[in-house]
Amino acid sequence: MTIGHSVRGGGGVNINQGVTIGDNRIIASGSVVTKDIPANVIVAGVPCRVIRPITDADHVGFNAS
């Protein structure tokens, strides 16, 4: 398993062996990640799937330190 930078996951996320999670991804609570996830997306579900890309609007009001 490989996890990149700026990856955020909710509680109860399960990640299978051999999966690559790169940069800038949001994983919803309770998701089961069974395959590699493309960059800059929001994913959720069992099994995990892409919900939508992360946009500039998602950064409004968020102050990463």
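Quick note: structure is the one above.
Now for a quick tour of the structure. In this text, all values refer to a predicted model and were calculated from it rather than measured experimentally. (Residues numbered from 1 in each chain as written. Predicted model: local features only at pLDDT ≥ 70, side-chain atom pairs only at ≥ 80, totals over all residues. Heavy atoms only, no water.)

## Some words on the environment of I37
Here is step 1: Summarising the element assignment, I37 is placed in the loop between β6 (32–33) and β7 (41–44).
Here is step 2: Of the residues examined, I37 reaches a relative accessible area of 8% and is grouped as buried.
Here is step 3: For I37 and I21, which are 16 residues apart along the polypeptide, the C-alpha to C-alpha distance reads 5.7 Å.
Here is step 4: If we ignore the near neighbours within four places in the chain, the residues touching I37 are T20, I21, R25, I27 and V43. (Helix = DSSP H or I, 4+ residues; strand = E, 2+ residues; numbered from the N terminus. Buried < 20%, exposed > 50% of the residue type's maximum accessible area, 1.4 Å probe, protein only. Contact = heavy atoms within 4.5 Å.)

## Some words on the nonpolar core
Here is step 1: If you look at the biggest cluster of nonpolar residues, it comprises eight residues: V19, I21, I27, V33, I37, V41, V43 and C48.
Here is step 2: Apart from residues lying up to four places away in sequence, V43 is in contact with I26, I27, A28, S31, I37, C48, R49, V50 and I51. (Core = buried A, V, L, I, M, F, W, Y, C linked by side-chain atoms within 4.5 Å.)

## Here we look at the sheet that holds β7
Here is step 1: Spatially, β2-β5-β7-β8 is the arrangement adopted by the four strands of the open sheet, whose pairing is mixed. Only two strands of the sheet have a single neighbouring strand rather than two, namely β2 (7–9) and β8 (49–53). Sheet twist, expressed as the mean angle between neighbouring strand axes with direction ignored, is 20 degrees.
Here is step 2: Pairing between strand β5 (residues 25–27) and β7: three bridges, direction parallel. From the neighbouring strand, R25 faces β7, where its bridge partner is V41. (Pairing = 2+ DSSP bridges. Axes fitted to C-alpha atoms, helices over the stretch in contact; angles between N-to-C directions.)

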